[in-house]
Amino acid sequence: MTRTVYVNGDYVSEHDAKISIFDRAFLMADGVYEVTSVLGGKLIDFDGHAKRLERSLSELDMRSPVSRDALLDIHRELVRVNAITDGLIYLQITRGSNGDRDFVFPDPETTEPGIVLFTQNKPGLANSPAARTGLKIISIEDQRWGRRDIKTVQLLYPSMGKMMAQKAGVDDAWMVEDGAVTEGTSNNAYIIKGNTIITRALSNDILHGITRAAVLRFANEAQMQVEERNFTIDEAKDADEAFITSASAFVMPVVEIDGVPLGDGTPGARSRRLREIYLDESLKAAI
Ligand code: PMP
């Protein structure tokens, strides 16, 4: 089915969607994005994503071309016209184009920000077989820029990280800086020791995951404690369990790190429980 996408105020066929070659997201990665999941035709944690988008924009002195309410309407309209039951909505806001290339930001009074949204249909998104087998990961050096808290479209290194994982025959990579794990290529990283979830504290070093915030809120319900601190790959290999979180993977168990199986090499009970709670609670709150 041909998708209907949203481009700068218009709903158009994906084949007719066009942006300028001078768009700063294209030339300079000068744009921010969000990915919101859809389950049962409803949006998961839209408010969290909208808030983070506003923060990313403000950190880059950009403005949104649409209000939060209008953004919600666009998300819902795309779900409706594309008949999405389970899937993802990708949203990107760019600094726009002033018709030329220049390192200096264009005047926001005369250059409109650009906005693009499209859907990705993923039937059975919450029943992914990977949740039953768990993910194998490798560790790689974190070579990204220093403002990873801003969700920019500058995703080349994470993309290279996925390719390194693919080459190594595994599912993903955790990035390591100064001896400590920062996060996964497109997800936040956690280990479990006993009844404690350990994950790096929020700073400019990592993306402030919307799923992370929710899972840490639900830890109580799983009778678990949370420790926000740095951990090393050696500590992770020695952990009882590990998992990742993201808006598209939810909570996904990790069963092997750099060739070392965790526990018996199958998804741990606590990670599975956290996934269950996250999905239950998120579905209840979906809009
Ligand atoms: N870290 C990085 C680097 C990511 O790209 C993502 C997903 N966009 C996350 C963490 C997870 O964030 P969220 O739970 O908001 O999807």
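Whatever comes next refers back to the structure up there.
Residues numbered from 1 in each chain as written. Predicted model: local features only at pLDDT ≥ 70, side-chain atom pairs only at ≥ 80, totals over all residues. Heavy atoms only, no water.

Engineer: Help me out: how do you make sense of helix 2 (residues 46–59) in this one?
Structural biologist: Each α-helix winds once per 3.6 residues, and so residues spaced three or four apart point in a common direction. Counted at 1.5 Å a residue, the expected span for helix 2 with its 14 residues is 20 Å, and the 20 Å between its end C-alpha atoms agrees. Among all positions of helix 2, only Phe46, Gly48, His49, Ala50, Arg52, Leu53, Ser56 and Leu57 are buried. Buried residues along helix 2 sit in contact with strand 3 (31–39), strand 4 (42–43), helix 3 (68–81), strand 5 (87–94) and helix 6 (210–218). A positive backbone phi angle near 55 degrees is found at Asp61, which sits one or two residues after helix 2. (Helix = DSSP H or I, 4+ residues; strand = E, 2+ residues; numbered from the N terminus. Expected span 1.5 Å × (residues − 1). Buried < 20%, exposed > 50% of the residue type's maximum accessible area, 1.4 Å probe, protein only. Contact = heavy atoms within 4.5 Å.)

Engineer: Which parts of the structure should I look at to understand the layout of surface pockets?
Structural biologist: In this approach the atoms are scanned with a rolling probe the size of a water molecule, which exposes any empty space left behind. Here the largest pocket is characterised by a volume of approximately 990 Å³. For the lining of the largest pocket, the elements supplying multiple residues, two or more each, are strand 3, helix 2, strand 5, helix 5 (156–167), strand 8 (172–177), strand 9 (180–184), helix 6 and strand 13 (241–246). Looking at the lining of the largest pocket, the element that brings in the most residues is helix 5, giving 6 residues. Each of domain 1 (4–123) and domain 2 (130–285) accounts for three or more of the residues forming the lining of the largest pocket. If you add up the space inside the second largest pocket, you get close to 190 Å³. Residue lining of the second largest pocket: Asp45, Gly48, Lys51, Arg52, Arg55, Asp149, Leu202, His208, Ile210, Ala213 and Arg217, and that is the complete set. (1 Å grid on protein atoms, 1.4 Å probe; cavity = no way out; pocket = protein on both sides within 12 Å on 5 of 7 lines; lining within 4 Å. Points joined across faces, edges and corners; volume = space filled by probe spheres on them. Domains from an automatic or database assignment.)

Engineer: What should I look at first to understand empty space enclosed by the protein in this one?
Structural biologist: In total, this model carries 1 cavity of 30 Å³ or more according to the counting rule given. Taken as a whole, the largest cavity holds about 50 Å³ of empty space. Every residue lining the largest cavity is listed: Arg24, Leu27, Met28, Asn98, Asp100, Arg101, Asp102, Val104 and Pro106. Of the residues contributing to the lining of the largest cavity, the split by class is 4 nonpolar, 1 polar and 4 charged. (Nonpolar A, V, L, I, M, F, W, Y, C, P; charged D, E, K, R; others polar.)

Engineer: For this particular structure, what's the right way to read helix 3?
Structural biologist: For helix 3, which comprises 14 residues, the first-to-last C-alpha distance of 20 Å matches the rise-based estimate of 20 Å (1.5 Å per residue) to within 8%. Taken as a whole, helix 3 has its buried residues at Leu71, Leu72, Ile74, His75, Leu78 and Val79. Relative to the axis of helix 3, the buried residues are bounded by an arc of 160 degrees and lie together on one face. Turned more than 90 degrees away from the buried face of helix 3 sit Asp69 and Arg80, all of them exposed. (Arc of directions from axis to C-beta.)

Engineer: Which parts of the structure should I look at to understand the environment of Glu281?
Structural biologist: Within the fold, Glu281 resides in helix 8 (residues 269–285). For Glu281, a relative accessible area of 19% gives the class buried. Spatially, the C-alpha atoms of Glu281 and Ser159 are 31 Å apart, while their sequence positions differ by 122 residues. In this view, Glu281 contacts Phe218 and Glu221; residues no more than four positions away in its chain are not counted.

Engineer: Any chance you could explain unusual backbone geometry here in plain terms?
Structural biologist: Residues apart from glycine generally show negative phi values, whereas peptide bonds are mostly found in trans. The backbone phi angle of Ala83 is positive, close to 50 degrees, even though this residue is not glycine. With respect to the helices and strands, the residue Ala83 is situated in the loop between helix 3 and strand 5. The phi torsion at Asp178 lies on the positive side, around 50 degrees, for a residue other than glycine. Here Asp178 lies in the loop between strand 8 and strand 9.

Engineer: Where do I start with the pairing of strand 1 (residues 4–7) in this structure?
Structural biologist: In the case of a regular strand, side chains alternate between the two sheet surfaces. The pairing of strand 1 with strand 2 (residues 10–13) spans 4 bridges and is antiparallel. Bridging across to strand 2, Thr4 finds its partner in Ser13. With antiparallel pairing between neighbouring strands as the criterion, strand 1 and strand 2 make up a hairpin whose turn holds 2 residues, including Asn8 at a positive phi of roughly 45 degrees. Bridge count between strand 1 and strand 6 (residues 114–121): 2 bridges; the pairing is antiparallel. Each bridged residue has a counterpart across the sheet, and for Tyr6 the counterpart in strand 6 is Leu117. (Pairing = 2+ DSSP bridges.)

Remember, this is a structural readout, not a statement about activity or role.
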